Amino acid sequence: MRVVLNQDIKGIGKKNQIVEVSEGYARNFLIPKKMVSVADNRAINEAKNRIESLAFKKGKEIEAAEGYKKKIEESFIEFKHKVGEGSKLFGSVTEKDISEAIKAKFNISVDKKKVMIKNPIKNLGTYTVDIKLYEGIVAKLKIVVVGQ
(Lines give C-alpha, C1' and ligand atoms only; values in the text may rest on other atoms or scores of the structure.)
Protein backbone atom coordinates (compact mmCIF):
# COMPACT_ATOMS: atom_id res chain seq x y z
CA MET A 1 0.00 0.00 0.00
CA ARG A 2 1.35 3.43 -0.93
CA VAL A 3 1.22 6.02 1.85
CA VAL A 4 2.43 9.57 2.51
CA LEU A 5 4.33 9.91 5.79
CA ASN A 6 3.00 12.60 8.13
CA GLN A 7 6.10 12.36 10.35
CA ASP A 8 9.54 10.74 10.38
CA ILE A 9 9.23 7.01 11.05
CA LYS A 10 12.39 5.11 11.87
CA GLY A 11 13.09 2.39 9.35
CA ILE A 12 10.48 3.63 6.88
CA GLY A 13 11.28 7.20 5.84
CA LYS A 14 11.13 10.93 6.42
CA LYS A 15 8.13 13.24 6.66
CA ASN A 16 6.28 13.90 3.35
CA GLN A 17 7.87 10.91 1.59
CA ILE A 18 5.72 8.53 -0.41
CA VAL A 19 6.57 4.96 0.55
CA GLU A 20 5.25 1.44 0.12
CA VAL A 21 4.30 -0.44 3.32
CA SER A 22 2.35 -3.62 3.92
CA GLU A 23 -1.40 -3.15 3.94
CA GLY A 24 -1.91 -4.66 7.39
CA TYR A 25 0.78 -2.47 8.97
CA ALA A 26 -0.76 0.63 7.40
CA ARG A 27 -4.41 -0.14 8.27
CA ASN A 28 -3.83 -1.51 11.78
CA PHE A 29 -1.04 0.70 13.08
CA LEU A 30 0.04 3.68 10.96
CA ILE A 31 -3.31 5.09 9.82
CA PRO A 32 -5.09 4.86 13.23
CA LYS A 33 -2.15 6.71 14.85
CA LYS A 34 -2.29 9.31 12.03
CA MET A 35 1.35 8.67 11.17
CA VAL A 36 0.52 8.28 7.47
CA SER A 37 -2.15 9.17 4.92
CA VAL A 38 -3.27 6.97 2.04
CA ALA A 39 -1.40 8.12 -1.08
CA ASP A 40 -4.25 9.38 -3.23
CA ASN A 41 -3.82 12.29 -5.67
CA ARG A 42 -4.76 14.92 -3.09
CA ALA A 43 -2.32 13.63 -0.47
CA ILE A 44 0.50 13.34 -3.01
CA ASN A 45 -0.04 16.91 -4.24
CA GLU A 46 -0.14 18.25 -0.68
CA ALA A 47 3.11 16.46 0.15
CA LYS A 48 4.79 17.85 -2.97
CA ASN A 49 3.60 21.37 -2.11
CA ARG A 50 4.93 21.06 1.46
CA ILE A 51 8.30 19.85 0.15
CA GLU A 52 8.49 22.75 -2.32
CA SER A 53 7.60 25.32 0.34
CA LEU A 54 10.21 23.89 2.74
CA ALA A 55 12.84 24.03 -0.02
CA PHE A 56 11.91 27.65 -0.78
CA LYS A 57 12.06 28.59 2.90
CA LYS A 58 15.43 26.86 3.31
CA GLY A 59 16.75 28.73 0.26
CA LYS A 60 15.68 32.05 1.78
CA GLU A 61 17.33 31.16 5.11
CA ILE A 62 20.58 30.21 3.36
CA GLU A 63 20.50 33.45 1.39
CA ALA A 64 20.00 35.46 4.60
CA ALA A 65 22.81 33.57 6.36
CA GLU A 66 25.18 34.28 3.47
CA GLY A 67 24.34 37.99 3.76
CA TYR A 68 24.96 37.91 7.51
CA LYS A 69 28.26 36.11 6.94
CA LYS A 70 29.45 38.80 4.55
CA LYS A 71 28.37 41.55 6.95
CA ILE A 72 30.15 39.92 9.92
CA GLU A 73 33.38 39.14 8.08
CA GLU A 74 33.74 42.69 6.72
CA SER A 75 33.83 44.21 10.20
CA PHE A 76 35.18 43.60 13.69
CA ILE A 77 34.02 43.98 17.28
CA GLU A 78 36.06 45.80 19.90
CA PHE A 79 35.84 44.96 23.59
CA LYS A 80 37.23 47.33 26.23
CA HIS A 81 38.18 45.73 29.53
CA LYS A 82 40.14 46.65 32.63
CA VAL A 83 43.62 45.17 32.49
CA GLY A 84 45.83 43.79 35.26
CA GLU A 85 49.43 42.63 35.23
CA GLY A 86 50.85 41.07 32.08
CA SER A 87 47.99 42.34 29.87
CA LYS A 88 45.55 39.92 31.56
CA LEU A 89 41.93 41.00 31.73
CA PHE A 90 39.84 41.32 34.84
CA GLY A 91 37.22 38.81 33.79
CA SER A 92 37.07 37.48 30.25
CA VAL A 93 35.28 37.77 26.92
CA THR A 94 32.87 34.84 26.66
CA GLU A 95 30.48 33.45 24.05
CA LYS A 96 27.63 35.35 25.70
CA ASP A 97 29.51 38.68 25.46
CA ILE A 98 30.26 38.05 21.78
CA SER A 99 26.64 37.06 21.07
CA GLU A 100 25.35 40.25 22.71
CA ALA A 101 27.90 42.38 20.83
CA ILE A 102 26.81 40.86 17.50
CA LYS A 103 23.18 41.67 18.35
CA ALA A 104 24.09 45.25 19.27
CA LYS A 105 26.38 45.98 16.30
CA PHE A 106 24.86 44.00 13.43
CA ASN A 107 21.29 43.45 14.70
CA ILE A 108 21.72 39.70 14.11
CA SER A 109 20.50 37.30 16.79
CA VAL A 110 23.08 34.58 17.37
CA ASP A 111 22.70 32.02 20.14
CA LYS A 112 25.74 31.87 22.41
CA LYS A 113 26.00 28.16 21.62
CA LYS A 114 26.70 29.08 17.98
CA VAL A 115 29.77 31.14 18.96
CA MET A 116 32.77 28.83 18.79
CA ILE A 117 35.77 29.78 20.92
CA LYS A 118 38.04 27.20 22.54
CA ASN A 119 38.57 29.10 25.80
CA PRO A 120 37.24 32.41 27.10
CA ILE A 121 39.47 35.28 25.96
CA LYS A 122 41.50 36.52 28.93
CA ASN A 123 44.30 38.55 27.29
CA LEU A 124 44.57 41.68 25.17
CA GLY A 125 44.95 41.16 21.44
CA THR A 126 43.19 40.25 18.23
CA TYR A 127 41.29 37.00 17.92
CA THR A 128 39.24 35.23 15.26
CA VAL A 129 36.05 33.50 16.34
CA ASP A 130 33.82 31.17 14.31
CA ILE A 131 30.09 31.95 14.29
CA LYS A 132 27.76 29.21 13.05
CA LEU A 133 25.00 31.00 11.16
CA TYR A 134 23.35 28.07 9.40
CA GLU A 135 24.07 24.47 8.56
CA GLY A 136 27.39 24.62 6.71
CA ILE A 137 27.71 28.43 6.88
CA VAL A 138 30.36 29.66 9.32
CA ALA A 139 31.44 33.30 9.57
CA LYS A 140 34.84 34.31 10.92
CA LEU A 141 34.49 37.30 13.25
CA LYS A 142 37.49 39.41 14.15
CA ILE A 143 37.58 40.46 17.81
CA VAL A 144 39.88 43.12 19.19
CA VAL A 145 40.35 43.27 22.96
CA VAL A 146 41.84 46.54 24.25
CA GLY A 147 42.49 47.89 27.74
CA GLN A 148 40.58 50.76 29.29
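Residues numbered from 1 in each chain as written. Predicted model: local features only at pLDDT ≥ 70, side-chain atom pairs only at ≥ 80, totals over all residues. Heavy atoms only, no water.

## Quick notes on the pattern of salt bridges
Tallying each qualifying case throughout the model produces 3 salt bridges. Note that Arg27 and Glu23 form a salt bridge whose closest N and O atoms lie 3.4 Å from each other. Taken together, the positions of Arg27 and Glu23, both in helix α1 (residues 23-30) and 4 residues apart, correspond to about one turn of that helix. Glu23 gets classed as partly exposed once you look at its relative accessible area, which sits at 47%. Between Glu46 and Arg42 there is a salt bridge; the shortest N-O distance is 3.1 Å. Within this pair, Glu46 and its partner Arg42 are both found in helix α2 (residues 41-73), separated by 4 residues, close to a single helical turn. (Salt bridge = Lys/Arg side-chain N within 4 Å of Asp/Glu carboxyl O. Helix = DSSP H or I, 4+ residues; strand = E, 2+ residues; numbered from the N terminus. Buried < 20%, exposed > 50% of the residue type's maximum accessible area, 1.4 Å probe, protein only.)

## What about unusual backbone geometry?
Despite not being glycine, Lys34 has its phi angle at roughly 55°, a positive value. On the secondary structure map, Lys34 appears in the loop between α1 and β3 (36-38). Assessed through its relative accessible area of 65%, Lys34 is described here as exposed. Of note, the phi angle at Asn107 is positive, near 60°, even though the residue is not glycine.

## Overview of the sheet that holds strand β9 (residues 137-147)
Spatially, the 4 strands line up as an open sheet ordered β4-β9-β8-β6, and their pairing is mixed. With one partner strand each, in any of the chains shown, β4 (76-81) and β6 (115-116) form the two edges of the open sheet. Both β4 and β9 contribute to a ladder of 6 bridges, which runs parallel. Directly across from Phe76, in β9, lies its bridge partner Lys142. (Pairing = 2+ DSSP bridges.)

## Quick notes on the sheet that holds strand β2 (residues 18-20)
Sheet architecture is open: 3 strands sit in the order β2-β1-β3, paired in antiparallel fashion. One side of each edge strand has no neighbouring strand; the edge strands of this open sheet are β2 and β3. Each neighbouring strand pair of the sheet contributes to a mean axis angle of 40°, computed without reference to strand direction. Two strands pair when backbone bridges link them, and strand β1 (residues 2-5) and β2 are joined in this way by 3 bridges, in the antiparallel orientation. Paired with Val4 across the two strands is Ile18, which belongs to β2. Against the sheet, α2 touches β1, β2 and β3, its axis set at about 35° to β1. (Axes fitted to C-alpha atoms, helices over the stretch in contact; angles between N-to-C directions. Contact = heavy atoms within 4.5 Å.)

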